[in-house]
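In case you want the letters, here they are:
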Amino acid sequence: MKILGIDTSCDETSIAIVSAKGDFANPEFEILSNIISSQIKIHQEWGGVFPALAKREHQKNLAPVLLDALKTAQILKEEKNIISSEQEEEIRKILQREQSLADDLLAIFANYSKPDLDLIAITTAPGLEPCLWVGINFAKALSYFWDIKLTPINHIESHLLANYLNTQKLEIKYPAISLIVSGGHTQIVLINNVKDYKIIGRTLDDAAGECFDKVARILDLGYPGGPIIEKISQEYNQNKYHISLPRPMLKNKNYDFSFSGLKTAVLYEFKKQSQELQQDLDYKKELAIEAQNAIIDVLIKKTIWAAQEYQAKTIILGGGVTASNILKQRMLDAINQQIPGVIMIAPDLILSTDNAAMVAATGFFHKSEVFPYWGNDKFVAKSRVDI
Ligand code: KG4
Ligand code: ZN
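Residues numbered from 1 in each chain as written. Chains lettered and ligands numbered in written order. Predicted model: local features only at pLDDT ≥ 70, side-chain atom pairs only at ≥ 80, totals over all residues. Heavy atoms only, no water.

A few points about the sheet that holds strand β4 (residues 119-125)
The condition is simple: DSSP bridges decide pairing: two strands pair if at least two such bridges lie between them. Strands here are runs of E lasting at least two residues and helices are runs of H or I lasting at least four, both read from the DSSP assignment and numbered beginning at the N terminus. Angles shown run from 0 to 180 degrees and are taken between the N-to-C directions of axes, each axis being a line fitted to C-alpha atoms and, for helices, limited to the stretch in contact. Throughout, a contact is declared for two residues whenever any of their heavy atoms are within 4.5 Å.
Judged by pairing direction, the sheet is mixed, and its 5 strands sit side by side in the order β3-β2-β1-β4-β5 without closing on themselves. Looking along the sheet, the strands with just one partner apiece sit at the ends: β3 (28-38) and β5 (149-154). Geometrically, the sheet is characterised by an average inter-axis angle of 20° between neighbouring strands, direction not taken into account. Relative to β5, β4 runs parallel, the two sharing 6 bridges. What sits directly across from Ile 120, in β5, is Leu 150. Lying on the sheet, helix α5 (residues 129-146) is in contact with β1 (2-7), β2 (12-21), β4 and β5; it crosses β4 at an angle near 160°. Sitting on the sheet, helix α14 (residues 357-365) is in contact with β1, β2, β3, β4 and β5, with an inclination near 125° to β1.

As C-alpha cells, then:
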C-alpha cells in the first residue's frame, strides 16, 4: 500500500510517500519521497520557534511541498478536473481559517488527477497547536476530495517507528527500551511488543532538545542549539576553565528527567562572570560543551538503568537529539561496557529530526484505525499527549 504522511507539528513542513507491505512484525517499507521544508532560517532570529510565524509558513508551504512529494514519488499526473460548487464549498469550509491554502489546494485538484494512494497519515499531537491544525485541516481536505482514508498519528510514536525506515535493517527484540528525545519531548518507554508501550520516565519540565536550544540562546551561539553545540564540541578540544555543571536527577533511581535546572545553572554560571569572560568565545564553548556532556550523561545513565531493570534486548533511540553522533557513540560504549549483547537501534540522520516519512510508516501500523474526515474528535490538535 502507498501512504501519504504529513507533519506540521513544529517548524518543518513535511510530506512523504512511503510504500508498505508485510505484517506488523516484519514490515517492509520504501520511502518514495520525504520532502522537508525547514523554517530554521526564519526562527533563528528568535532563538526558538515562534508559533504564529511557523503556522503562516506551513500555510504557504503545504501545497508546493505536496506537489514535490507526489512528483518525487512519481505519482503526480496532470489532468484537468471540474470542481463542483458543493465541493469547493466543502473544501473552503474545512480550510475556513486558511483560505489562501484552500485556493492553492483547489488549483491542485483542478490540475492533477487523484494520486495512487491508500491512506493519509496526519500528525495530530503532540506539537504546537496552531501548526498542527493547519496540517490537520489540509489532510482533511485531501481526504475529502480524493476520497482517501485518514488516520491520526502521534508524533512521539512516529519518532520511535522512524527506525523501521533505516537503510540498515536491524531486528527489534523485545522487551525494548526506547529513549525519545527531541525539542518537545523526553521519554523513556518500555516496549513489550509491537504497539505495546508503557512510559516509565519523562521530563518533569524542559525537554532535552529544548535545553540544548536554551543554552545556545543564553550563550548566543545560534539556533537550533543541539547541532551547533555538537559541532563546537567536535572542533574544540581544550579545557581551560574546568567548568562543572550538575547532572540532574541522578540521585533518584527513577527514569524521570529535569532539564530546566541545568539551563538555570548555565545561566548563573555565565552571568556571574566578568563582561570580558562573557565575550570570550573559548569560555562560551567550554560552557556549552559541559552542558552537552551533562545532558548526555543523564540520558545515557537512565536509559541503561531502565534496560537493566527490564532486561531489555534492544535499546531504540528516536527524536531530533538522537541526531547527535556524540550521544549515539557514548550510548553504544555504555551498552558495550555495562549491558553487552543489547542491540542499539538509532534512526538514520534524516529520520532523527522531524519528517513525514516516519508519520507515513506509523500510518501503516494504524491502517485499521481510520476515521471519516468529519470525525472531529479524532482529528484534534493537542500540544501535550502521551505516546
Ligand atoms: O525531533 P525534532 O526535529 O523536533 C521536535 O519534535 O521537537 O527535534 C529538534 C530538536 C532541537 O531541540 C535540536 O536542538 C535537537 O533536536 N537536535 C540535536 C541535534 N540535532 C538536533 N540535539 C543534539 N545534538 C544534535 N546533533
Ligand atoms: Zn519531533
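Next comes the rest of the description.
Some remarks on the pairing of β2
Each regular strand shows side chains that alternate between the opposite faces of the sheet. Test applied: The buried label goes to any residue with under 20% of its type's maximum accessible area, the exposed label to any with over 50%, and the partly exposed label to all in between, with areas taken from a 1.4 Å probe on protein chains only.
Of all 10 residues in β2, 9 are buried; the element is thus mostly enclosed. In the sheet, β1 pairs with β2 via 6 bridges, with the strands oriented antiparallel. When the bridges of β2 are listed, Lys 2 appears paired with Ser 19. Count of turn residues in the β1/β2 antiparallel hairpin: 4 residues. Pairing analysis gives 10 bridges linking β2 to β3, with the strands arranged antiparallel. The residue of β3 that forms the bridge with Lys 21 is Glu 28. Hairpin remark: β2 followed by β3, antiparallel, with 6 residues in the connecting loop; positive phi at Gly 22, about 90°.

Regarding the site of ligand 1
Where we set the bar: We call a residue near a given molecule or strand whenever any one of its heavy atoms falls within 4 Å of it. Identification of polar contacts relies on pairs of N or O atoms within 3.5 Å, with a donor-acceptor requirement for protein atoms, meaning one able to donate a hydrogen and the other able to accept it, and with residues adjacent in sequence counted only if both atoms are side-chain atoms.
Gly 183, Asp 213, Glu 230, Gly 320 and Asp 354 are the nearest of the 21 residues found near ligand 1. A distance of 2.8 Å separates an oxygen atom of ligand 1 from a polar backbone atom of Gly 183. The contact in question runs from an oxygen atom of ligand 1 to an N or O atom on the backbone of Asp 354, over 2.9 Å. Only α6 (155-161), α7 (208-218) and α8 (225-235) provide two or more residues apiece to the shell around ligand 1. Take the shell around ligand 1: its biggest share by element is 4 residues, from α8.

Concerning the domain arrangement of the protein chain
Counted only if it meets this: Note that the domain bounds reflect an automated or database-derived domain assignment. A quick way to say it: buried area is the sum, across both parts, of accessible area lost when two parts are put together, with a 1.4 Å probe.
The domain boundaries assigned to the protein chain delineate domain 1 (2-159 + 352-383) and domain 2 (172-346). Between the C-alpha centres of domain 1 and domain 2 there is a distance of 31 Å. Contacts between the two partners involve 19 residues from domain 1 and, on the opposite side, 15 residues from domain 2. Looking only at domain 1, the three residues that lose the most surface to domain 2 are Ile 156, His 159 and Ser 352, adding up to 37% of its buried area.

Describing the environment of Glu 210
Secondary-structure assignment places Glu 210 in helix α7. Residue class for Glu 210 comes out partly exposed when judged on its relative accessible area of 25%. In this view, Glu 210 contacts Ser 182 and Gly 183; residues no more than four positions away in its chain are not counted.

Notes on the side chain of Glu 157
Mapped onto the elements of the fold, Glu 157 is located in helix α6. In this structure, Glu 157 is in contact with Lys 195, Tyr 197, Thr 362, His 366 and Ile 387, ignoring residues within four places of it in sequence.

Some thoughts on the pattern of salt bridges
Where charged atoms from two side chains of opposite charge come close, those side chains can pair. Selection rule: A carboxyl oxygen of Asp or Glu within 4 Å of a side-chain nitrogen of Lys or Arg is what we treat as a salt bridge.
Tallying each qualifying case throughout the model produces 15 salt bridges. Where Lys 195 meets Glu 369, a salt bridge forms, and the shortest distance between an N and an O atom there is 3.4 Å. In this pair, Lys 195 sits in the loop between β7 (186-193) and β8 (196-202) while Glu 369 sits in the segment after α14, placing the two residues 174 residues apart along the sequence. Take Lys 195: its relative accessible area is 30%, and that puts it in the partly exposed class. Judged by relative accessible area, Glu 369 falls into the partly exposed class, the value being 33%. Notably, a salt bridge pairs Lys 231 with Glu 235, separated by 3.3 Å at the nearest N-O pair. Residue Lys 231 and its partner Glu 235 are both found in helix α8; the two are separated by 4 residues, about one turn of the helix.

A look at the coordination of the zinc ion (ligand 2)
This is how it is decided: For Na, K and Ca the donor cut-off is 3.2 Å; for every other metal, N, O and S atoms count as donors within 2.8 Å. Water does not enter the count, which can leave sites looking incomplete. Geometry is assigned from donor-metal-donor angles: four donors are tetrahedral when every angle falls between 85 and 135 degrees, four are square planar and six octahedral when opposite donors sit over 155 degrees apart with all other angles between 65 and 115, and any other arrangement is irregular.
Here the zinc ion (ligand 2) is held by His 155 (NE2), His 159 (NE2) and Asp 354 (OD), and the distances to it run 2.0 to 2.1 Å. What the 4 donor atoms of the zinc ion (ligand 2) show is an angle range of 94 to 138° at the metal, which sorts the shape as irregular. Written as a sequence motif, the donor arrangement for the zinc ion (ligand 2) is H-x3-H-x194-D. Linking His 159 in helix α6 with Asp 354 in the loop between α13 (349-352) and α14, this pair joins segments that are 195 residues apart in sequence. A residue is classified by how much of its surface remains accessible, and His 159, at 0% relative accessible area, is buried.

A closer look at the sheet that holds strand β9 (residues 314-318)
The pairing of strands in a sheet comes from backbone hydrogen bonds and takes either a parallel or an antiparallel form. Sheet architecture is open: 5 strands sit in the order β8-β7-β6-β9-β10, paired in mixed fashion. Lying at the two open borders of the sheet, with one neighbouring strand each, are β8 and β10 (343-345). Put simply, the sheet's adjacent strands are angled 20° from each other on average, direction ignored. In the sheet, strand β6 (residues 176-181) pairs with β9 via 5 bridges, with the strands oriented parallel. What sits directly across from Ile 177, in β9, is Ile 315. Sheet strands in contact with helix α11 (residues 281-309) are β6, β7, β8 and β9, and its direction is about 160° off that of β6. Where helix α12 (residues 325-338) meets the sheet, it contacts β6, β9 and β10, and its direction lies at approximately 165° from that of β10.

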